[in-house]
Amino acid sequence: DRSMLRLEGMRKMINDLLDLTAIESGQKQREIKNIEFEELLPDIMEAFEAQAQERHISLHYDVEKGLSIEGDRSEIEMILNNLVSNGLKYNYDNGDLHIQLYSNNGFVVISAKDTGIGLSDEEQQKLFQDFARIKNEKTRNIVGSGLGLSTVKKLATLYDGDVDVASEPDKGSTFTVYLRPPSAETE
């Protein structure tokens with residue numbers, strides 16, 4: 001039912017906005033703890049299982065053994081949820097979504113590679129701005145607030161990190177988030 005879908009979209013957008021505002025204003029109490037990705041990621045992937053099955057999208061994930069980060073669990077979950085959610089949302093039916101977590105040069109790297117609709121170079125430029133929604137024929141029926149990736153980018157900067165995208169129209173996209181665990185000096 002379309003109105004239910006719209007309502008769900010609105011609810012998600014309000015939550016995204018509240019999260020974003022709280023993070024940006026420093027209102028959100030950050031609880032920095034050690035987060036084990038081998039324990040966290042399966043839970044997140046499982047939450048998306050039904051959505052993926054509905055469209056016959058295969059979910060794959062791979063976590064480097066013993067990979068962990070000092071961080072705020074809700075922030076890390078928000079990053080992962082956004083990446084998995086987008087990887088499904090903008091994918092083709094019968095597609096694939098691969099989530100990979102590994103360490104590289106002192107960073108924790110989260111990569112989400114989909115076989116979805118992809119993005120043109122011009123679309124990639126706009127992608128990480130607040131409310132940036134890529135509007136074209138292929139995205140017409142996809143519900144989103146346009147806040148997901150700007151939130152991911154803002155969260156990544158809290159970890160001295162960044163996010164980038166490599167994409168090709170109709171072939172898919174790979175989003176990569178780099179997080180550097182907060183060092184003792186930033187306390």
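Up top is the structure.
Description of the structure in this document.

Analysis parameters
- Residues numbered from 1 in each chain as written.
- Predicted model: local features only at pLDDT ≥ 70, side-chain atom pairs only at ≥ 80, totals over all residues.
- Heavy atoms only, no water.
- Salt bridge = Lys/Arg side-chain N within 4 Å of Asp/Glu carboxyl O.
- Helix = DSSP H or I, 4+ residues; strand = E, 2+ residues; numbered from the N terminus.
- Phe/Tyr/Trp six-rings, centres within 6.5 Å; stacked < 30°, edge-to-face > 60°.
- Buried < 20%, exposed > 50% of the residue type's maximum accessible area, 1.4 Å probe, protein only.
- Lys NZ or Arg CZ within 6 Å of the ring centre and 35° of its normal.
- Patch = residues over 30% accessible without salt bridge, like charges linked within 9 Å, V, L, I, M, F, W, Y side chains within 5 Å.
- Areas by Shrake-Rupley, 256 points an atom, 1.4 Å probe, with all protein chains shown as cover.
- Contact = heavy atoms within 4.5 Å.
- Axes fitted to C-alpha atoms, helices over the stretch in contact; angles between N-to-C directions.
- Left-handed = near helix turned anticlockwise from the far one by under 90°.
- Nonpolar A, V, L, I, M, F, W, Y, C, P; charged D, E, K, R; others polar.
- Core = buried A, V, L, I, M, F, W, Y, C linked by side-chain atoms within 4.5 Å.

## A look at the pattern of salt bridges
Two side chains carrying opposite charge are able to pair once their charged atoms lie near each other.
Part 1 of the reasoning: Following the criterion strictly, the structure yields nine salt bridges and no others.
Part 2 of the reasoning: Residues D170 and K138 are paired through a salt bridge, measuring 3.1 Å at the closest nitrogen-oxygen approach. Placement of D170 in the loop between β6 (162–168) and β7 (172–179) and of K138 in the loop between α5 (121–126) and α6 (148–158) is noted, with a sequence separation of 32 residues between them.

## As for the packing of aromatic side chains
Part 1 of the reasoning: For the structure on display, the rule yields one aromatic pair.
Part 2 of the reasoning: Seen from their ring centres, F107 and Y178 are 6.2 Å apart, and the 80° between their planes marks the pair as edge-to-face. Of this pair, F107 sits in strand β5 (residues 107–114) while Y178 is found in strand β7, placing the two residues 71 residues apart along the sequence.
Part 3 of the reasoning: What makes F107 buried here is its relative accessible area of 18%.
Part 4 of the reasoning: The side chain of R30 reaches across the aromatic face of Y159, ending 5.4 Å from its centre.
Part 5 of the reasoning: The cationic tip of K153 hangs over the ring face of F128; the distance from NZ or CZ to the ring centre is 5.6 Å.

## Focus: a nonpolar patch on the surface
Part 1 of the reasoning: A contiguous nonpolar patch, built from M10, I14 and L18 and spanning about 310 Å² of accessible area, is present on the exposed surface.
Part 2 of the reasoning: Looking at the secondary structure, you find L18 in helix α1 (residues 2–24).
Part 3 of the reasoning: Overall, the relative accessible area of 54% leaves L18 in the exposed class.

## Side note on the side chain of T176
Part 1 of the reasoning: Tracing the backbone shows T176 in strand β7.
Part 2 of the reasoning: Given a relative accessible area of 9%, T176 falls into the buried group.
Part 3 of the reasoning: Residues contacting T176, with those up to four places away along its chain left out, are V109, I110, S111, D162, V163 and D164.

## Considering the packing of helix α4 (residues 73–89) against α6
Part 1 of the reasoning: Following both chains from N to C, one finds α4 and α6 inclined at 145°, their axes separated by 9 Å at the closest point. For the element pair α4 and α6, the recorded crossing hand is left-handed. Here E75, M78, I79, N82 and N86 of α4 lie close against α6, whose contacting residues are G148, L149, T151, V152, L155, A156 and L158.
Part 2 of the reasoning: When grouped by side-chain class, the residues that make up the contact of α4 with α6 number seven nonpolar, four polar and one charged.

## Quick notes on the nonpolar core
Part 1 of the reasoning: Of all hydrophobic cores here, the largest spans 41 residues; its most connected members are F37, I76, L80, L101, V177 and L179.
Part 2 of the reasoning: Those elements that place two or more of their residues in this core are α2 (37–47), β2 (58–63), α4, β4 (96–104), β5, α6, β6 and β7.
Part 3 of the reasoning: Ranked by the residues each element gives to this core, the list is headed by α4, at seven residues.
Part 4 of the reasoning: Sequence-distant contacts of L101, defined by excluding residues within four places in its chain, comprise F37, L41, D62, V63, E64, L67, L80, V109 and I110.

## Re the environment of E46
Part 1 of the reasoning: Of note, E46 is situated in helix α2.
Part 2 of the reasoning: What makes E46 exposed here is its relative accessible area of 59%.
Part 3 of the reasoning: Sequence separation of E46 and G118 is 72 residues, and the distance between their C-alpha atoms is 24 Å.

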